[in-house]
Amino acid sequence: MFVVLLGPPGAGKGTQAQRMVVETGLLHLSTGDMFRENVKNNTELGLLAMTFMDKGELVPDEVTINMILDRISRQDAASGAMFDGFPRNLIQARALDDALDDRGNAISHALLISVPDEELILRLSGRWLCRECGAVYHEKNDPPEKVGVCDSCSSDLYQRDDDQADVVRSRLKTMKPPSDLINHYKDSGLLSEFDGTRGLDEVTADLLGVLQL
Ligand code: AP5
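Keep in mind that what you see is a predicted model, and the values were worked out from it rather than measured.

**A short note on the sheet that holds strand E4 (residues 109-114)**
Alright, step 1. Ordered by their spatial adjacency, five strands build an open sheet running E2-E3-E1-E4-E8, and the pairing between neighbours is parallel. Looking along the sheet, the strands with just one partner apiece sit at the ends: strand E2 (28-30) and strand E8 (191-195). Between one strand and the next, the sheet's axes are offset by a mean angle of 20°, whatever the strand orientation.
Alright, step 2. Sheet topology note: the E4/E8 ladder contains five bridges and is parallel. Across the sheet, the residue bridging to Leu111 is Ser192, located in E8.

**Side note on the pattern of salt bridges**
Alright, step 1. With the rule as written, the count across this model stands at eleven salt bridges.
Alright, step 2. Among the salt bridges present, the one from Glu57 reaches Lys55, with a minimum N-O distance of 3.9 Å.
Alright, step 3. Of the residues examined, Lys55 reaches a relative accessible area of 47% and is grouped as partly exposed.
Alright, step 4. The partner of Arg123 in a salt bridge is Glu119, with the nearest N and O atoms 2.9 Å apart. In this pair, Arg123 and Glu119 are both assigned in helix H6 (residues 117-125), four residues apart and thus about one turn of the helix distant.

Quick notes on the rules
- Every chain's residues receive numbers from 1 upward, in the order its sequence appears when written.
- Residues qualify for local features only when their pLDDT is at least 70, as the model is predicted, and side-chain atom pairs are given and counted only at 80 or more; totals for whole chains, interfaces and linings, by contrast, use all residues.
- Side-chain measures here rest on the full set of heavy atoms in the structure, leaving out hydrogens and waters.
- The rule for pairing is simple: two strands pair if DSSP sees at least two bridges between them.
- A helix here means a DSSP run of H or I that spans at least four residues, while a strand means a run of E at least two residues long, and both kinds are numbered starting from the N terminus.
- Between N-to-C directions, angles span 0 to 180 degrees; the directions come from axes that are lines fitted to C-alpha atoms, helices contributing only their stretch in contact.
- Throughout this description, the term salt bridge denotes a Lys or Arg side-chain nitrogen within 4 Å of a carboxyl oxygen of Asp or Glu.
- Buried residues are those whose accessible area, probed at 1.4 Å on protein chains only, stays under 20% of the maximum for their type, while exposed residues exceed 50% and partly exposed ones sit between those limits.

So this is what it looks like as structure tokens:
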């Protein structure tokens, strides 16, 4: 099963992917997490990606596509993966389709989570993440038991640089799934749409229902 998760920044893609991989056993591949890991390790890719992420812009397609295709060529992605934050446009979607097709695989589901802008802004400004394990929290909607500490691994929580108000405004303009990407999956009969304003557990149940789990 190869699943793509689509939605604007703050829709809940990362949160729901973390929940669904527990149920499905799928490999979670987040391009945002991969870029942030490279930034943390000061790699050449990280330094390049940072110049775009800091402005709330897409990292160039060629760079992103090469990174994800390299990642899915590994053995642990042989039988399935859940893509979170990829593809963001039709060029990326076609590159993924072609790479999967070359090895006899295909996308099985495209799950689109929708949330209005005003709610997205509240979510991103209140988001906290674990430095170590990447667990996602929200100071009001999904708080950790102890402020600033991860429930899962007791490491420090932090706020992302690109969750600053000015960068969020730019991300909300540039990072929403474009209509040709949505139509690509709609026309293939793969698209399911979800109301991301429902509670965390309800959204998880809705998504898993489509995956028939
Ligand atoms: P990325 O990390 O993918 O950022 P994004 O798409 O902007 O998505 P977010 O991680 O901000 O939001 P999310 O939908 O995962 O929401 P979350 O679950 O955390 O990408 C970062 C950057 O990398 C991009 O800006 C770009 O520069 C670059 N990049 C990445 N992919 C790329 C690509 N393919 N091509 C080119 N460049 C790329 O939830 C948000 C908050 O809401 C949390 O606090 C959570 O607790 C809360 N919440 C979630 N669901 C609910 C709910 N149902 N009810 C209440 N609260 C909820």
